[in-house]
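Reading the structure
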Amino acid sequence: MPKRKMRVMFVCRGAEYMGVESMSACLRAAGHDTDLVFDPGFDDTFYFRFKAVRKLNRWARLAGRMRTYRPDVLAVSSITNTYPYLRELVRQLKSARDCFTVIGGVHASALPGYVLADGLFDAVCIGEGEEALVELVDRLSAGEACMDIRNLCFLKDGAMIKNPVRPCLKDLDSLPFHDKALFYRQGGFSSTLT
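Attention in this report is confined to the structure presented alongside it.

Reading the values: rules and limits
- Residues numbered from 1 in each chain as written.
- Predicted model: local features only at pLDDT ≥ 70, side-chain atom pairs only at ≥ 80, totals over all residues.
- Heavy atoms only, no water.
- Axes fitted to C-alpha atoms, helices over the stretch in contact; angles between N-to-C directions.
- Helix = DSSP H or I, 4+ residues; strand = E, 2+ residues; numbered from the N terminus.
- Parallel < 35°, antiparallel > 145°, perpendicular 65-115°, else oblique.
- Left-handed = near helix turned anticlockwise from the far one by under 90°.
- Contact = heavy atoms within 4.5 Å.
- Nonpolar A, V, L, I, M, F, W, Y, C, P; charged D, E, K, R; others polar.
- Phe/Tyr/Trp six-rings, centres within 6.5 Å; stacked < 30°, edge-to-face > 60°.
- Buried < 20%, exposed > 50% of the residue type's maximum accessible area, 1.4 Å probe, protein only.
- Pairing = 2+ DSSP bridges.

Some points on the packing of helix 1 (residues 18-29) against helix 6 (residues 130-142)
Relative to each other, helix 1 and helix 6 sit at 45 degrees, their axes nearing to 9 Å. Classified by the angle between their axes, helix 1 and helix 6 sit oblique to one another. Read as a crossing pair, helix 1 and helix 6 show a hand that is right-handed. Across the interface between the two elements, Gly19, Ser22, Met23, Cys26 and Leu27 of helix 1 pack against Glu130, Leu133, Val134 and Val137 of helix 6. Residue classes in the contact of helix 1 with helix 6 are distributed as 6 nonpolar, 2 polar and 1 charged.

The following block contains the structure:
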């Protein structure tokens, strides 16, 4: 089956993620489209709960962006302290549009089995995601099996499939320049740039 252009929507909270910018640039270079659901994280942090800031919760608006964009793939990046919040946000987003969902980042790399056990994610990316995510999206677009993609973990019949990890990219200049516009368009930074 020929490859078709896919829509990938990234989900991030609190700050600009350079890894997401790099993966977005790689996906765009491979002919796919990307967008971002960005939550600056002003409301409930799961550490501090202030009723006065609950009105800053943007979940309904973020779910609306998801319905409008209609992604084929939802790609989440999480560090450990944002995972409880992102897990709940992903539940809301998936109710707006159910699609293939993959998570990466430090938390997923450290605890892939724990993350898969939540039942929200179809795949977990461990280690670098640039090559793995492009291969995943290319295979999904062609209707091909993806359970053997290196750097990815899946659940099958209740058991985790943990594929081997690729060697780290040595020539970073071979990657396209980070997609800074992804965060800029969503207000991911105003006076600082990573």
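Considerations on the packing of aromatic side chains
Two measures describe an aromatic ring pair: the distance that separates the ring centres and the angle between the ring planes. What the rule picks out here adds up to 2 aromatic pairs. Their ring planes at 75 degrees and their centres at 5.7 Å tell us that Phe38 and Phe183 sit as a pair that is edge-to-face. Of this pair, Phe38 sits in strand 2 (residues 33-39) while Phe183 sits in helix 7 (residues 181-184), placing them 145 residues apart in sequence. Grouping residues by exposure puts Phe38 and Phe183 together as buried. An angle of 55 degrees between the planes, with centres 6.3 Å apart, marks the rings of Tyr83 and Tyr114 as tilted. One end of the pair, Tyr83, is in helix 3 (residues 83-96); the other, Tyr114, is in helix 5 (residues 112-117), and 31 residues separate them in sequence.

Description of the sheet that holds strand 2
The strand order across the open sheet built from 7 strands is 2-1-3-4-5-6-7, with neighbouring strands paired in mixed fashion. Every other strand in the sheet has two partners, leaving strand 2 and strand 7 (159-162) as the edge strands with one partner each. Adjacent strand axes in the sheet meet at a mean angle of 25 degrees when their direction is disregarded. Bridge analysis of strand 5 (residues 123-125) against strand 6 (residues 152-156) gives 2 bridges, and the strand direction is antiparallel.

Purely geometric stuff here, so don't read any function into it on its own.
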